[in-house]
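Here is how the chains run, residue by residue.
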Amino acid sequence: MFKKTIALIGIQLLFVIFLINGVNSAEMKSGEMMAPMMIDKAKILADTGVFGTFAMFKLDHAWNQLDSMTKQKAAQEVKDVFTAHQNRVAVDTYLTRGLSEKTDFFLRIHSYELINNQNFITDLMATTMGKYLTNTDTFVGITKALNYATKPEMADQLPILKAGKPESPRQYVIVIPTRKDSKWWNTPVDGRTRMIKEHTAPTLAFLNTVQRKLYHSTGLDDLDFITYFETNRLDNFNNLVIGLRTVEEDNHNKQYGSPTVLGTIRSLDEILAILSK
């Protein structure tokens, strides 16, 4: 009886090993289980509770002294970092060279855990190209559900806000960090809602030309909000901001911009090619 039990266990072990080897062989054959799955970018951009990191970079002049082959290898290292982290972060790339003397490009990084954004940036800075980069500014925020827009006082504006559909694709991006004063935070909710309704009014005319996304930063950064804009009409955006600076809510901005970041939406390959000239 003992020998039969041992034999049965041995057969079961062989069967398990066969199954495991079969799965591994299938994975190796298809390659589907071997490659990291990319984050669903459309989903993460729409989700709440997502951490957004805006990281601005300036290349050192010494980078220009490198030969073409070294730059090409360095660019490939950067691409490899993007690939290695694509199952944990979604990264958008923007060129600021020619529009700013302080930066050459910046990244907008999204993930469900902030440590993933940090790990991506530290790996990027560890590349050959990264050693020539200065991280000039970093903003950190989190996406949250609508707050004031869902209040009954704003019921007349909400349908208009939802109907806005900016043209796509868009070429320009603007990032504006803001910080509120203590009076803002100590104003009762109904008072803040009234000011936000006034704040929203001048934006309604530009819903079809300016796309906006808000990040909350209080406690995560020295900021309170990071507002990200995309547009093809910089003249409209200019008029939009002028309108926002004339409302009562603007009196509570201790910081508006500083820096304001203006760039163009470019692919990683395009940015690397431009910076490697």
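Residues numbered from 1 in each chain as written. Predicted model: local features only at pLDDT ≥ 70, side-chain atom pairs only at ≥ 80, totals over all residues. Heavy atoms only, no water.

Novice: Would you explain unusual backbone geometry in this entry?
Specialist: Excluding glycine, residues mostly carry a negative phi; peptide bonds, for their part, are mostly trans. Along the chain, Ser 168 connects to Pro 169 via a cis peptide bond; the corresponding omega equals 0°. Cis rather than trans, the peptide bond between Ser 258 and Pro 259 has omega equal to 10°. Looking at the element boundaries, Pro 259 is found in the loop between strand 8 (253-256) and strand 9 (261-265). Along the chain, Ser 258 turns up in the loop between strand 8 and strand 9. (Helix = DSSP H or I, 4+ residues; strand = E, 2+ residues; numbered from the N terminus.)

Novice: Any chance you could explain empty space enclosed by the protein here in plain terms?
Specialist: If a probe as big as a water molecule is rolled over the atoms, it shows which places are left empty. Following the criterion strictly, the structure yields one cavity of 30 Å³ or more and no others. Approximately 80 Å³ is the volume found for the largest cavity. Forming the walls of the largest cavity are Val 78, Phe 82, Thr 93, Phe 105, Leu 107, Leu 124, Met 129, Leu 133, Leu 268, Ile 271, Leu 272 and Leu 275. Contributing elements (two or more residues each) for the lining of the largest cavity: helix 3 (68-84), strand 3 (105-111) and helix 9 (268-275). (1 Å grid on protein atoms, 1.4 Å probe; cavity = no way out; pocket = protein on both sides within 12 Å on 5 of 7 lines; lining within 4 Å. Points joined across faces, edges and corners; volume = space filled by probe spheres on them.)

Novice: Which parts of the structure should I look at to understand the packing of helix 3 against helix 9?
Specialist: For any two helices packed against each other, the geometry comes down to the angle between their axes and how far apart the axes lie. At a closest axis distance of 11 Å, the pairing of helix 3 and helix 9 adopts a crossing angle of 155°. Considering the angle they form, helix 3 stands roughly antiparallel to helix 9. For the crossing formed where helix 3 meets helix 9, the hand is right-handed. Where helix 3 abuts helix 9, its residues Ala 75, Val 78, Lys 79 and Phe 82 lie against Leu 268, Asp 269 and Leu 272. Residues that form the contact of helix 3 with helix 9 fall into these classes: five nonpolar, no polar and two charged. (Axes fitted to C-alpha atoms, helices over the stretch in contact; angles between N-to-C directions. Parallel < 35°, antiparallel > 145°, perpendicular 65-115°, else oblique. Left-handed = near helix turned anticlockwise from the far one by under 90°. Contact = heavy atoms within 4.5 Å. Nonpolar A, V, L, I, M, F, W, Y, C, P; charged D, E, K, R; others polar.)

Novice: Would you explain the confidence of the model for the protein in this entry?
Specialist: Reading predicted coordinates in detail is not appropriate for stretches of low pLDDT. Taken over all residues, the pLDDT of the protein has a mean of 88, while the share at 70 or more is 85%. This model gives residues 22-34 a pLDDT under 50, and the stretch forms four contacts once residues within four places in sequence are excluded. (pLDDT = per-residue confidence, 0-100.)

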